[in-house]
Amino acid sequence: MITEGKDRMSDALLRIEGLKTHFFLDEGTVRSVDGVDLTVPRGKTVCLVGESGCGKSVTARSVLGLVDAPGRIVEGSVWWHGGDRGPGGEAAAAGGVDLAALDQRGEQLRRIRGNEISMVFQEPMASLSPMYTVGDYLVETIRLHRPVSKKEAREQGVGLLRRVGIPRPEQRLDAYPFQLSGGMCQRVMIAIALACGPSLLIADEPTTALDVTTQARILDLLRELQDETEMSMLFITHDLGVVAELADEVVVMYLGTVVEQGSVDDIFHAPQHPYTRALLDSIPTMGAGTRQRLRSIQGQVPHPLNRPPGCPFHPRCDQAIAGLCDTVDPPYLRAGNSLSRCVLHDPELVSAGKELS
Ligand SMILES: Nc1ncnc2c1ncn2[C@@H]1O[C@H](COP(=O)(O)OP(=O)(O)O)[C@@H](O)[C@H]1O
Ligand code: SF4
Ligand SMILES: [Mg+2]
């Protein structure tokens, strides 16, 4: 993702380039996703982090063509298997397909969705119809992908439910979603998403409603599956503990843009962007004692309808330079081993800004 070069690029399973997804409301245009670039390499986990409202879910839904009106992708590409580029730099030459250019309601995207790419949504209840049992979902998904009898598919379904930590899975297979707790539904969703053996799992806060023991079990399961099948993951979470456990790469979003991306080690040990540092400062340090208060980032994420000019983080940034950060859109620059979108990484911009102020 960060390291440029042919080897790294050819490893890309999913590559999002300049993605913009906007919602057109009567009050104005909400630029929920406003220029996102990120790559999920084969067999790796990329964690997408950022405060609520930063555009993480809309990014995930854009990949799969699941953005509802009045929203739509207005710019950018979502290359699937687009790692290798042709002589002119074009991804399509190597057989990649731009999911953003496909008919968002069409058959090709529907086939990729829930087949090669599966998704666990943030609200599990809303994604399961009350008309079908857990078994209906699981058996159908398994039989779509493997030539097995109904009986065998049921057995595999029970096995999957057991692996995600559902007690008495034989009985639960015949339960309707409304008969299950929120945490149970979330585990069922994870089982359904895994039933097709996806190349990429997109998981949007999949462990939020779970207790810590079940969460640990799910994370172990995902890691096991990744070892077994080389599955890639785009994992959305606000829990930096989960990021530390699961991520190979971390992408930090703020107000619809990526502000920093790097390896998990670099993001945790050498964060470059003031927003990443503030996010990390807001979690307790290991061994710092239980009495230490959590620091929260000053101010709130502005509503995207009131997006600040210049660097979108400037009203909350304790390093902001007046006259510069509130006017200049920060360039995306290499800083340490990461890429970071902040004027502080460009000494010329900083000295020009100081002269202005
Ligand atoms: N259907 C919608 N209509 C209008 N605005 C939306 C819609 N869905 C999301 N948004 C806006 O897009 C922004 C990003 O939302 P989202 O991707 O859900 O954030 P996150 O997942 O990071 O918490 C938010 O400001 C949200 O209000
Ligand atoms: S560009 Fe300015 S406001 Fe934005 S993060 Fe950097 S220092 Fe802070
Ligand atoms: Mg979300």
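Further up the page is the structure itself.
Here the structure is a predicted model, which means the values were calculated and not measured.

A.B. asks: What exactly am I supposed to notice about the overall build of the chain here?
C.D. replies: The helix and strand tally for the chain stands at 13 helices and 12 strands. Within the span of the chain, comprising 357 residues, buried residues form 45% of the whole. Intrachain contacts of the chain at a sequence separation of at least 6 include 63% that bridge at least 24 residues.

A.B. asks: It is not clear to me how the sheet that holds strand β10 (residues 257-263) should be interpreted in this structure. Could you clarify?
C.D. replies: Strand pairing in a sheet relies on backbone hydrogen bonds, with the paired strands running either antiparallel or parallel. The mixed open sheet is built from eight strands, whose spatial order is β6-β7-β8-β3-β9-β10-β12-β11. Of all strands in the sheet, those with a lone pairing partner are β6 (117-120) and β11 (332-335), marking the two edges. Averaged over all neighbouring strand pairs, the angle between strand axes comes to 20 degrees, with direction disregarded. Note that β6 and strand β7 (residues 200-204) share four bridges and pair parallel. The partner of Met119 across the bridge, within β7, is Ile202. Each of β6 and β7 is contacted by helix α8 (residues 182-195), which is oriented at about 180 degrees to β6, the strand it contacts most. Of the strands in this sheet, β3 (45-49), β9 (249-254) and β10 are in contact with helix α12 (residues 274-281), which crosses β9 at around 105 degrees.

A.B. asks: What is the right way to read the nonpolar core from this model?
C.D. replies: If you look at soluble globular proteins, the nonpolar side chains tend to sit buried side by side. One finds Cys47, Leu138, Met189, Ala191, Ile202, Leu234 and Val252 to be the most contacted residues of the largest nonpolar core, which totals 91 residues. The element contributing the most residues to this core is α8, with 10 residues. When residues of this core are sorted by domain, at least three fall in each of domain 1 (6-116 + 199-286 + 294-300) and domain 2 (125-197).

A.B. asks: Sorry, what's going on with the environment of Val78 here?
C.D. replies: Its place among the elements puts Val78 in strand β4 (residues 71-80). As a C-alpha pair, Val78 and Leu102 span 24 residues in sequence and 10.0 Å in three-dimensional space. Non-local contacts of Val78, meaning those with residues more than four positions away in its chain, are made with Ile16, Leu19, Ser62, Val63, Asp98, Leu99 and Ala100.

A.B. asks: Would you mind going over the sheet that holds β4 with me for this structure?
C.D. replies: Pairing within the open sheet is antiparallel, and its four strands lie in the order β2-β1-β4-β5. Either end of the sheet is taken by a strand with one partner, and the two such strands are β2 (28-41) and β5 (97-98). Across two bridges, β4 lies against β5 in antiparallel orientation. Across the sheet, Trp79 pairs through a bridge with Asp98, a residue of β5. Packing of helix α2 (residues 56-63) onto the sheet brings it into contact with β1 (12-25), β2 and β4, and relative to β1 it is tilted by some 115 degrees.

A.B. asks: For this particular structure, what's the right way to read the site of ligand 2?
C.D. replies: Around ligand 2, 13 residues are found, and the nearest of them are Cys311, His314, Cys317, Cys325 and Cys342. Each residue belonging to the shell around ligand 2 can be placed in one class, and the counts come to 11 nonpolar, two polar and no charged.

A.B. asks: Please explain unusual backbone geometry as it appears in this structure.
C.D. replies: Both trends apply: most residues other than glycine have a negative phi, and most peptide bonds are in trans. The linkage connecting Ala69 with the following residue, Pro70, adopts the cis geometry, with an omega of 10 degrees. Note that Pro70 resides in the loop between α2 and β4. At Glu230, a residue that is not glycine, the phi angle is positive and equals roughly 65 degrees. With respect to the helices, strands and loops of the structure, Glu230 is situated in the loop between α9 (212-229) and β8 (232-236). The exposure class assigned to Glu230 is exposed, which follows from the 12 C-beta atoms found within 10 Å. Of note, the phi angle at Leu255 is positive, near 45 degrees, even though the residue is not glycine. Take Leu255: it is sitting in the loop between β9 and β10. Given 24 C-beta atoms within 10 Å, Leu255 falls into the buried group.

Definitions and cut-offs
- Residues numbered from 1 in each chain as written.
- Chains lettered and ligands numbered in written order.
- Predicted model: local features only at pLDDT ≥ 70, side-chain atom pairs only at ≥ 80, totals over all residues.
- Helix = DSSP H or I, 4+ residues; strand = E, 2+ residues; numbered from the N terminus.
- Buried ≥ 20, exposed ≤ 12 C-beta atoms within 10 Å, placed from the backbone.
- Contact = placed C-beta atoms within 7 Å.
- Pairing = 2+ DSSP bridges.
- Axes fitted to C-alpha atoms, helices over the stretch in contact; angles between N-to-C directions.
- Core = buried A, V, L, I, M, F, W, Y, C linked by C-beta atoms within 7 Å.
- Domains from an automatic or database assignment.
- Near = placed C-beta within 6 Å.
- Nonpolar A, V, L, I, M, F, W, Y, C, P; charged D, E, K, R; others polar.

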